[in-house]
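This is what each chain is made of:
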Amino acid sequence: MNTPNKIMVWNHRGATSKSFYRYCKQYVDLYHPSMIVILKTRCDPNLLKNSFSKLGFDEIMVVDNRGYSGGIVAAWNKSSLEVKCCTREDQLMHLHIIVTKEQEFYFTVVYANPQENRKKIMWEKLKEISASIQKPWLVAGDFNDIASSSEKRGGLQASQSRCTIFRNRFQNCKIDDLEARGPNFTWRGPIFHGGQQIYEKLDRALCNDSWRWRFLDAYVKVLAPVEFSNHHPILIVPTMTINNKLEKPFRFENAWLIKDSYHVMIKQIWNNEANFLQNIRSTREGIKEWKFETFDEVRRNKAVVMRRLEGIQRKLQQHYNYGGMKRLEAHLQKELSTILKQEELIWFQRAKTNWLKDGDRNTRYYHMKASTRRKRNKIHMLKDKNGTWVDENDTLQKMVTQYFKSMFDSTNKCCQWFQTDVSFPKLSARVYVTWMKVLQQMKLEELYLQ
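Residues numbered from 1 in each chain as written. Predicted model: local features only at pLDDT ≥ 70, side-chain atom pairs only at ≥ 80, totals over all residues. Heavy atoms only, no water.

1. Description of the packing of helix α3 (residues 116–131) against helix α4 (residues 160–172)
Between α3 and α4, the shortest axis-to-axis distance is 9 Å and the interhelical angle comes to 25°. With respect to α4, the axis of α3 lies roughly parallel. Of α4, the residues touching α3 (which contributes E116, K119, K120, W123 and K127) are R162, F166, R169, F170 and N172. Broken down by class, the residue content of the contact of α3 with α4 amounts to three nonpolar, one polar and six charged. (Axes fitted to C-alpha atoms, helices over the stretch in contact; angles between N-to-C directions. Helix = DSSP H or I, 4+ residues; strand = E, 2+ residues; numbered from the N terminus. Parallel < 35°, antiparallel > 145°, perpendicular 65-115°, else oblique. Contact = heavy atoms within 4.5 Å. Nonpolar A, V, L, I, M, F, W, Y, C, P; charged D, E, K, R; others polar.)

2. Description of the sheet that holds strand β1 (residues 7–11)
Read across the open sheet, the seven strands follow the order β3-β4-β2-β1-β16-β15-β11; overall the sheet is mixed. The open sheet has two edge strands, β3 (59–63) and β11 (180–181), and neither has a second partner. Pairing between β1 and strand β2 (residues 35–39): five bridges, direction parallel. Residue I7 lies in a different strand from β2, and its bridge partner there is M35. (Pairing = 2+ DSSP bridges.)

3. Focus: unusual backbone geometry
The backbone of H32 sits at a positive phi, close to 55°, despite the residue not being glycine. Mapped onto the fold, H32 is located in the loop between α1 (18–31) and β2. Relative accessible area serves as the criterion here: at 54%, H32 is assigned to the exposed category. (Buried < 20%, exposed > 50% of the residue type's maximum accessible area, 1.4 Å probe, protein only.)

4. Describing the environment of N11
With respect to the helices, strands and loops of the structure, N11 is situated in strand β1. Taking the C-alpha atoms as reference, N11 lies 5.8 Å from I38; in sequence the two are 27 residues apart. If we ignore the near neighbours within four places in the chain, the residues touching N11 are L39, K40, Y111, D142, D203, S229 and H231. Polar side-chain contacts of N11 include one of 2.6 Å to the side chain of D142. Among the polar contacts listed, one links the side chain of N11 to the side chain of H231, at a separation of 3.4 Å. (Polar contact = N/O pair within 3.5 Å; in protein donor to acceptor, adjacent residues only side chain to side chain.)

5. Quick notes on the packing of aromatic side chains
In this structure the tally under the stated criterion is eleven aromatic pairs. Measuring from centroid to centroid gives 5.3 Å for W10 and Y27, while their planes differ by 85°, and the two rings are edge-to-face. A residue pair is termed long-range when its members are at least 10 positions apart, and W10 in strand β1 and Y27 in helix α1 qualify at 17 residues. Seen from their ring centres, F166 and F170 are 5.2 Å apart, and the 80° between their planes marks the pair as edge-to-face. You can see F166 and its partner F170 sitting in helix α4, four residues apart, about one turn around the helix. Of the two residues examined, F166 and F170, each falls in the buried class. Clustering of aromatic rings is evident, with ring pairs tying together W123, F143, F166 and F170. (Phe/Tyr/Trp six-rings, centres within 6.5 Å; stacked < 30°, edge-to-face > 60°.)

Everything listed here is a matter of geometry and, on its own, says nothing about what the molecule does.
Take a look at the structure:
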């Protein structure tokens, strides 16, 4: 998606109140979702048309509530999304969302009834939908269940059997949890005996592998709750909206080793007469230049070779069986095989996957593993000293900088040395003199640069 089409899902009862519009407007103004889904409305959903119109949404779709329970409303702006309803039932709404002609997915909104017999019916319907879907599929809402004991705090201990049943249900539908950022719990329950309040993670988003592959940087943001609602809204962000354009650290890639020019370049750069530090610096710069001139061409070369092969194979299918064309095809196939191996090695190393042997050409798997690892390592939100979640990029950088400054600042702090039982190897006189020269040289270079 060129423009992130965010979806906000919120379990909110009494959605016709003035407070609902006031607080919902704050979420819309702050996060700009393209679609809003309200669960458990406990009112005639059609009464919400006026409120959604004021919020800037000109299309609405509803699942009627049963008396004072249930009710699902989805609202969106038709200039951003094209939405088609596939099916509607009392606990779910199954939609087909089209962003562009090339980008579309299915989205099922869920409000699971707390009664187990009715909840079971909902999951049977989701399993039926799953069997019919090959395209990207997103499922989100209030499932009225938790997946593990860590998703509950306070009250009676979580039932492990219920957690297992819930996990088995969504795994049978071939969907898995989409990573969430922010508070761990999405529902604030009553105060239990002894004054302890109950917290649970009832609201979440799940997706199939196809959706996860299409939106590699997708995540769920748990928003701050408002006073009159006991549920946190969740915001599904298909594409990353924060992108730090920082210089990437220099790292060795295993795929370089299969290039003959790499070994030639290393031999040319390494100077046995220079010291170790100088050789490391010159080698790093030499590798960067070599990589830019050769290895960064892998992806571009792949597209060119594929196009040339397609053209040759079309000619061959039209009975242009010239020997030169066949030889060219064989040459390009060999070149493509080398490119694919280079690409495979890149993603294999970045994924840090140890349980698959080299040679199983599953680049898509490696790419997903590496992308998942990159998402897990990226910091999206932090709590400040007041306990408030912060996600602004500039503020996050200042918080991290200040944290480490305070960690290593010894001003007005009493530092005491503790002798441990750990012994360190003693350097020989020759090694000591060698490293002292290197350190002195580094110090002189540092002073020179200043």
